[in-house]
Amino acid sequence: MTTTVMPEGVGIGSSPKRKEDGRFITGRGQYTDDIVLPGQLHAAFVRSPHAHARIRRLDTSRAKGMPGVRAVYTGADLKAGGVNPMPVGWLLPDIKVGEHMPMAVDKVHYVGNAVAIVIADSPAGAADAAAAVDVDYDVLDGVSGASAALAEGAPLVHDNAPGNVAFRWSLGDADATAAQFAAAKTVVRQRLVNQRLIPNAIEPRACNASYSRANDELTLYVTSQNPHVHRLIMGAFILGIAEHRFRVISPDVGGGFGSKIFIYPEEVVCAWAAKQLGGAVKWTATRSESFMTDAHGRDHVTDVEMAFDQGGKLLGLRVNTVANMGAYLSLFAPAVPTYLYGTLLSGQYTTRAIHVTVTAAYTTTAPVDAYRGAGRPEACYLIERVMDVSARQLGLDPAELRRRNFIRKDQFPYQTPVALQYDSGNYEPALDRALEMSGYAALRKEQADARARGRYIGIGLSSYIEACGIAPSAVVGSLGAQAGLYESGTVRVHPTGKVTVLTGSHQHGQGHETTFAQIVASELGVGLDDVEVVHGDTGRVPFGMGTYGSRSGAVGGAALYLSLQKIREKGKQIAAHLLEAAPEDVQFEHGQFFVKGSPDRTKAWGDICLAAYLAHSIPAGIEPGLEATTFFDPANFVYPFGTHVAVVEVNADTGEVALTRYIAVDDVGNVINPMIVNGQLHGGIAQGAGQALWEEASYDGGGQLLSGSMMTYALPRASLLPMYELDRTVTPTPVNPLGVKGVGEAGTIASTAAITNAVIDALSGFGITHIDMPLTPGKIWHAIHHSNGGA
Ligand code: MCN
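A few points on the structure. What you see is a predicted model; the values in this text were computed from it and never measured.

### Topic: the packing of helix 7 (residues 227–239) against helix 8 (residues 265–277)
The interhelical angle for the contact between helix 7 and helix 8, taken along N-to-C directions, is 65°, at an axis separation of 12 Å. The angle between the axes of helix 7 and helix 8 places the two elements in the roughly perpendicular class. Crossing of helix 7 against helix 8: the hand is right-handed. Listed contacts from helix 8 to H230, M234, I238 and L239 of helix 7 are E267, V268, A271 and W272. For the contact of helix 7 with helix 8, a count of residues per class yields six nonpolar, one polar and one charged.

### Let's talk about unusual backbone geometry
What you tend to see is this: most non-glycine residues have negative phi, and most peptide bonds are trans. The peptide bond linking A471 to P472 adopts the cis configuration, its omega dihedral lying at -15°. With omega at -5°, the peptide bond leading from M773 into P774 counts as cis. Note on placement: P774 falls in the loop between helix 19 (746–762) and helix 20 (777–786). Located in the positive-phi region is E580, a residue other than glycine, with phi close to 55°. Mapped onto the secondary structure, E580 falls in the loop between helix 16 (552–579) and strand 22 (586–589). Even without glycine at this site, H590 takes up a positive phi of about 50°.

### Examining the site of the ligand
G256, Q510, H512, Q680 and V743 are the nearest of the 32 residues found near the ligand. At 2.7 Å, a backbone N or O of Q510 approaches an oxygen atom of the ligand. Separating an oxygen atom of the ligand from a side-chain N or O atom of S552 is a distance of 2.7 Å. Considering the ligand on its own, with 840 Å² of exposed area, one finds that the protein chains cover 96% of that surface. When contributions to the shell around the ligand are tallied by element, the ones reaching two or more residues are helix 15 (512–524), helix 16 and helix 18 (674–693).

### Regarding empty space enclosed by the protein
On inspection of all chains with the given rule, the structure shows four cavities of 30 Å³ or more. Reported here for the largest cavity is a volume of approximately 200 Å³. Split into classes, the residues belonging to the lining of the largest cavity amount to 13 nonpolar, five polar and two charged. The computed volume of the second largest cavity comes to approximately 60 Å³. Elements represented by at least two residues in the lining of the second largest cavity include exactly strand 13 (297–308) and strand 14 (314–326). At three residues, strand 14 tops the list of elements feeding residues into the lining of the second largest cavity. Residues that form the lining of the second largest cavity fall into these classes: six nonpolar, two polar and three charged.

### Points about helix 11 (residues 398–405)
P398, A399, L401, R402 and N405 are the residues of helix 11 that are buried. Angularly, the buried residues of helix 11 cover 165° about the axis, an arc narrow enough to put them on a single face. Its side-chain oxygen at 2.8 Å from the backbone nitrogen of A399, D397 defines the N-terminal cap of helix 11.

### What about the layout of surface pockets?
Its volume calculated, the second largest pocket comes out at about 300 Å³. Around the second largest pocket sit 14 residues that line it, and E99, D106, K107, H109 and H158 are the ones nearest its centre.

### Details of the sheet that holds strand 4 (residues 107–108)
Ordered by their spatial adjacency, three strands build an open sheet running 4-2-6, and the pairing between neighbours is antiparallel. The sheet terminates laterally at strand 4 and strand 6 (134–139), the two strands that pair on one side only. Both strand 2 (residues 53–59) and strand 6 contribute to a ladder of six bridges, which runs antiparallel. Residue pairing for strand 6: D59 is matched across the bridge by D134.

### So, the sheet that holds strand 19 (residues 487–493)
The strand order across the open sheet formed by four strands is 21-20-19-25, and the pairing between neighbours is mixed. Either end of the sheet is taken by a strand with one partner, and the two such strands are strand 21 (531–534) and strand 25 (627–632). Taken pair by pair, the neighbouring strands of this sheet meet at an average axis angle of 15°, ignoring direction. When strand 19 meets strand 20 (residues 499–503), the two strands line up antiparallel, connected through five bridges. Residue T490 lies in a different strand from strand 20, and its bridge partner there is L502.

### Things to note about the pairing of strand 1 (residues 40–47)
Counting buried positions along strand 1 yields eight of eight residues, so the element is predominantly enclosed. Of the two faces of strand 1, the one lined by Q40, H42, A44 and V46 and the one lined by L41, A43, F45 and R47 are each fully buried. In the sheet, strand 1 pairs with strand 12 (residues 280–284) via three bridges, with the strands oriented parallel. Counterpart to Q40 in the pairing with strand 12 is A280. The sheet contact formed by strand 1 and strand 5 (residues 114–120) spans six bridges and is antiparallel.

### Quick notes on the pattern of salt bridges
Here the structure, examined in full by the defined rule, presents 42 salt bridges. Across the pair R402 and D388 runs a salt bridge whose closest N-O atoms are separated by 2.8 Å. Of this pair, R402 sits in helix 11 while D388 sits in helix 10 (residues 376–394); the two residues are 14 residues apart in sequence, bridging distant segments of the chain. Overall, R402 belongs to the buried group, its relative accessible area being 0%. Since its relative accessible area comes to 10%, D388 is described here as buried. When the shortest N-O distance is used, the salt bridge between E428 and R403 registers 2.9 Å. Of this pair, E428 sits in helix 12 (residues 427–438) while R403 sits in helix 11, and the two are 25 residues apart along the sequence. Owing to a relative accessible area of 25%, R403 belongs among the partly exposed residues under this scheme.

### A few points about the packing of aromatic side chains
Taken as a whole, this structure holds 21 aromatic pairs when the rule is applied. Taking the centre distance of 6.1 Å and the plane angle of 40° together, the rings of Y414 and Y422 count as tilted. In this structure, Y414 and Y422 share a single accessibility class: buried. Note on Y456 and F766: the rings are 4.9 Å apart at their centroids and 40° apart in plane angle, and the pair reads as tilted.

### Comments concerning the environment of Y613
Relative to the elements of secondary structure, Y613 occurs in helix 17 (residues 605–614). The sequence separation of Y613 and P634 amounts to 21 residues, and the corresponding C-alpha distance is 32 Å. Setting aside residues up to four positions removed in sequence, Y613 forms contacts with V493, H494, P495, G625 and L626.

The rules behind the values
Residues numbered from 1 in each chain as written. Predicted model: local features only at pLDDT ≥ 70, side-chain atom pairs only at ≥ 80, totals over all residues. Heavy atoms only, no water. Axes fitted to C-alpha atoms, helices over the stretch in contact; angles between N-to-C directions. Helix = DSSP H or I, 4+ residues; strand = E, 2+ residues; numbered from the N terminus. Parallel < 35°, antiparallel > 145°, perpendicular 65-115°, else oblique. Left-handed = near helix turned anticlockwise from the far one by under 90°. Contact = heavy atoms within 4.5 Å. Nonpolar A, V, L, I, M, F, W, Y, C, P; charged D, E, K, R; others polar. Near = heavy atom within 4 Å. Polar contact = N/O pair within 3.5 Å; in protein donor to acceptor, adjacent residues only side chain to side chain. Areas by Shrake-Rupley, 256 points an atom, 1.4 Å probe, with all protein chains shown as cover. 1 Å grid on protein atoms, 1.4 Å probe; cavity = no way out; pocket = protein on both sides within 12 Å on 5 of 7 lines; lining within 4 Å. Points joined across faces, edges and corners; volume = space filled by probe spheres on them. Buried < 20%, exposed > 50% of the residue type's maximum accessible area, 1.4 Å probe, protein only. Arc of directions from axis to C-beta. Pairing = 2+ DSSP bridges. Salt bridge = Lys/Arg side-chain N within 4 Å of Asp/Glu carboxyl O. Phe/Tyr/Trp six-rings, centres within 6.5 Å; stacked < 30°, edge-to-face > 60°.

Encoded structure:
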């Protein structure tokens, strides 16, 4: 048969080059905007320039009369057309959901809120006509900060959310925590601002919806991280279209970082408009629209208190967070400052009692939802930043304070005081290796010598934990998720032995076409080119929950692995029949079935596949064909961890920070592809560095976005980052059969604290104890020259 026997260097644990890169680097990727459908029409949105206003008059007549314009619809048209508001996919007790129509009907709530769509023959025609829609607004006061929104007398964003409180949430035992504080020798207090970020994937959001009246079928091409979730929510809850009449295809997607999980108004409106017109309607965001309307990330203000005994043992942690949710609750937004945040506050430490309260506020700003790490970077930053503040206050080395408090290797599975049970871990070796790689003792000496010469070197640590591989369905359901969190994996073996894999995971940069093929190669002994990985199409993949929360390896990959075991077992049955041996005596290795003890009695993989489809000679009771599907719903999250060390030098004259070294020792369990894992860490660390040093979404007090372009929103550039020094420890998880944990967010979760700690360490000689991110030259210079401590 025509399959190749798996060559060296492609199975699990090796680093073959990425299969998908051939088309990406030759410009042959098929992105949503590349898709041109018969009779293609183009959409442009009319958006509010005001953060908070009533629509007094909306006149579309001028736009409707312009050349090439096919239709103009408003929020009122959608409402009259039976379109429902955007739903919230994670509900909490007493949550107040402000109504979110895909286009505003009476009132706009943030700059960029869509009020009308224009559909025309060309993108330019649509844009011109959008500019001709006349809207009169009664401008209202806006409010952009969460604390300001919660203050008495603040403008009310939604009538059904008094005081602008979207929800209040708490976790942990308040009394037990108070008792730990009462017994403490030292209490450390710090206020931290975790600033708002804007995702900025390379490919802007886009959709192309087409409706066939002949078949009553809607097809939506969309930049989605989870096309089945898109189909379910848009079809069942917003537009009222049955699944078998609605196909969602998410083709190549140029990055998401969380921001393409959610259902966005534009997709809903284009899909609805396509149905009205019986045609194809395409919209692609401009970069300005992306800045204004992609779901933003983070935006917490937190008061932290940490209680220690006389030996530097962490006794208690008290956390009070105000989270800015923006103008509406985005699809999974309520989970981010709650279950993805409060539950991580134990970090790598045996804190005896923890209590966290969160107040989530509506403001007149873009909605905030998951962005790479989603809640976990906020938790990690909080713990790891305040561990450094505490080390200073306790007179201990930051590495030593962490070491004294680590959960020990023999304590796993470890039940934290904040609901989670960590699967597996071994924290000290990762810290030791990171210190060894950095030459920690020598670095400290270099730092002291440099300081004596007026140079300011800083060393920052971050010993992070995260929860990913997001599942299990029953648990997340009990916490408010309106969805299950399993994953499906189908392995379809063709008669020639070639393999098509249908996965519910969706890649938008993570390399699944390679790593999933590696899993197949390892289990079936075939080459990578014998495997096709299909994803992102509800018409081809049975079902799926998609990619976020670094879950694809641990959940999607594991589903595939389990299907492969079913295939191997069936293959073994057929081989045993053909070899006239008992199935238990048949083994499968290097692409061959053979009889134990008789290595010359063999059947090649391809022969068995053909036999399965010819069905001339298969055991009685076995169906023809060779295909298996598994829905894998693991019993727990997985918990990667590690220690990162950042080294910086601060120029005290200008306030500039140079990130000179970055050492990361991560433990993501077993590794499928070390090169891809390193690549994930590279990108993740860069994103965390971006938050620590440069990025900030800023609004004026009323809700005008001040950082709405690449000129005003500072993204990290490769030239600003050092070559990373990476290593790993390996502690497999028992939660899935591959023993893999996630890696997609780990770098981002760890690095903000490591870099911030390094900068503040460099500035300690000035008596500076804290500066909020981003640590821009201006803030640092100001702190050095005007500060009396914190800034
Ligand atoms: N992997 C591995 N060994 C492991 C763990 C993972 O070889 N022990 C591989 C996986 O098979 C996969 C990659 O590493 O090819 C990432 O796997 P995983 O950690 O499971 O994360 P997901 O595939 O679920 O990706 C989601 C994650 C998230 S949540 C964000 S945000 C993020 C990230 O991935 N967004 C990204 N990385 C991104 N990378 C790119 N280029 N673009 C994005 O938008």
